[in-house]
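Spelled out from the first residue to the last, the chains are:
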Amino acid sequence: MSKFHRYKDRDVELDSSKQFRLGEGKISGYCSVLLGALSLLGVLAYLFPSYLTTTELRQVYDAETLQNVLKYGMYFSLFFGGITFVLKKFRSLGSIGIGLTVVAFLLGGYKVPVSDVEPMHLSLGVDWLILAFLGSAFIFVTAEKLFPKYKNQVILRDEWGLDLFYFCFNHLAISAIILYGNYHASHFDWAISASVQESIQSMPILLQVGLIVLCADFVLYWEHRLYHEVSWLWPVHAVHHSVENLDWLAGSRGHFIQVFSERAMVMIPLYLLGADQTALNIYVAFAALQAVFIHCNLGINFGPLKYVFVTPQFHHWHHSSEKPAIDTNYSAHTILFDWMFNTMHLPREYWPADYGTTKPLPKTYLGQMFYPLQQFYKK
Ligand SMILES: [Zn+2]
Ligand SMILES: [Zn+2]
């Protein structure tokens, strides 16, 4: 079928009013607000760690070292805010940034003492939100600026605010997601085999990681395929497909039912394999980075590797509304199962010309949350 499809290049018009240019004060203004907001959140996390930090994440970082990061964040927010006044442009953004940082200072700033934390069952992942945002914004925005697929696509593209909201929600809900995932996996106790787990643990770490990747990919492939091919499940997943400009933030868009179910399903193979904690940590880091990476606006040529791993080109085709690409490329990590089950669409050097769903979805968070229900009652 794809033989008869005419591939076109996608046109992205440059909206220069949304561009960031040096010397205009706009970059400083946005940096000031961003760092001010993150600093304030950071101080709140130091003040109320039981409620605003994640037990699993606290074991990985050192809270005292991160106070230095907070210190620089606060001073840079003031510095960037000051620049907007020097340039006499975007002073309102500068004022908001400075205001947020002043509140952060008044609440104790980077000097709030690090205290012992009483672990809670449920908390908000403010620490996870801050670290993931700083890390992914830095790595992926830099990469997108250096190697863009669509040069004219701006950082503040259409609906970036909506996707930022999804990003915040998904990260704040991390402890609820883990709690639900563990509860879900505990129903599979009957399938645990001590001898299988022992032999897996005796394997070299990288082999364990490879095994986890393949098992997780198999579960994610079928979960994803069901979301596409079972008609009453599609409206839930359609929210993820409603984004029309893919970048580092776009992958965050997803109905909370999908976010929770995806993590819960992938927890089953992780739980049953019983691999070494190091192997698990490597897999979690790999999966988290790859999930952002494959949505990025990145035109890097991966050579033969694109026939092994899911790359931006592969997953961009999954988001295309062009006929030969519909219901293809379900895999999350490697392309193995799409290749095996004949659902792969990767036409050499071509990229999609059209993105999004064939039927338009509501453009607001609440509209998208209720979209599945609305579709259900329509039938
Ligand atoms: Zn999909
Ligand atoms: Zn996607």
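Only a predicted model underlies this, so the values are computations on that prediction, with no experimental measurement involved. (Residues numbered from 1 in each chain as written. Chains lettered and ligands numbered in written order. Predicted model: local features only at pLDDT ≥ 70, side-chain atom pairs only at ≥ 80, totals over all residues.)

**Looking at the UniProt feature "domain: Fatty acid hydroxylase" (unreviewed entry) in the protein**
Turning to step 1, where the next piece is worked out: Per the UniProt record, "domain: Fatty acid hydroxylase" (unreviewed entry) is annotated on residues 211-343.
Turning to step 2, where the next piece is worked out: Across residues 211-343, helical content stands at 56% and strand content at 0%; the span's end C-alpha atoms are separated by 22 Å. (UniProt positions renumbered as here; feature names shortened; annotations may be inferred. Helix = DSSP H or I, 4+ residues; strand = E, 2+ residues; numbered from the N terminus.)

**A word on the nonpolar core**
Turning to step 1, where the next piece is worked out: The biggest cluster of nonpolar side chains holds 34 residues, and the ones touching the most others in it are Ile 212 and Cys 296.
Turning to step 2, where the next piece is worked out: Elements with a minimum of two residues in this core: helix H7 (160-172), helix H10 (205-229), helix H12 (256-273), helix H13 (277-293) and helix H14 (312-318).
Turning to step 3, where the next piece is worked out: With six residues, the single largest contributor to this core is H10.
Turning to step 4, where the next piece is worked out: Each residue touching Ile 212, except ones within four places of it in the same chain, is listed here: Leu 270, Leu 273, Ala 275, Ala 279 and Tyr 283.
Turning to step 5, where the next piece is worked out: Listed in part, the 27 residues of the second largest apolar core include Ala 45, Phe 80, Tyr 110 and Leu 124. (Core = buried A, V, L, I, M, F, W, Y, C linked by C-beta atoms within 7 Å. Buried ≥ 20, exposed ≤ 12 C-beta atoms within 10 Å, placed from the backbone. Contact = placed C-beta atoms within 7 Å.)

**Points about the environment of Leu 124**
Turning to step 1, where the next piece is worked out: Mapped onto the elements of the fold, Leu 124 is located in the loop between helix H5 (91-106) and helix H6 (126-146).
Turning to step 2, where the next piece is worked out: Put simply, Leu 124 and Ala 173 are 49 residues apart on the chain and 6.1 Å apart in space, counted from C-alpha to C-alpha.
Turning to step 3, where the next piece is worked out: Not counting residues up to four positions away in its chain, the partners in contact with Leu 124 are Tyr 51, Leu 52 and Leu 172.

**What to know about the packing of H10 against H13**
Turning to step 1, where the next piece is worked out: Running from amino to carboxyl end, H10 crosses H13 at an angle of 50°, the nearest separation of the two axes being 9 Å. When the axis of H10 is compared with that of H13, the two are oblique. The hand of the H10/H13 crossing is right-handed. In this structure, H10 uses Ile 205, Gln 208, Val 209, Ile 212 and Val 213 to contact H13, whose residues at the interface are Thr 278, Ala 279, Ile 282 and Tyr 283. (Axes fitted to C-alpha atoms, helices over the stretch in contact; angles between N-to-C directions. Parallel < 35°, antiparallel > 145°, perpendicular 65-115°, else oblique. Left-handed = near helix turned anticlockwise from the far one by under 90°.)

**A few points about the UniProt feature "transmembrane region" (unreviewed entry) in the protein**
Turning to step 1, where the next piece is worked out: Mapped onto the present numbering, the UniProt feature "transmembrane region" (unreviewed entry) falls at residues 27-49, 69-86, 93-110, 122-143, 164-183 and 203-222.
Turning to step 2, where the next piece is worked out: The span residues 164-183 shows a helical share of 95% and a strand share of 0%, and its end C-alpha atoms are spaced 28 Å apart.

**What to know about the domain arrangement of the protein**
Turning to step 1, where the next piece is worked out: By domain assignment, the protein separates into domain 1 (16-123) and domain 2 (174-378).
Turning to step 2, where the next piece is worked out: Between the C-alpha centres of domain 1 and domain 2 there is a distance of 31 Å.
Turning to step 3, where the next piece is worked out: Listed by partner, the interface residues are five residues for domain 1 and five residues for domain 2.
Turning to step 4, where the next piece is worked out: Within the side of domain 1 that touches domain 2, the residues separate by chemical class into one nonpolar, three polar and one charged. (Domains from an automatic or database assignment. Nonpolar A, V, L, I, M, F, W, Y, C, P; charged D, E, K, R; others polar.)

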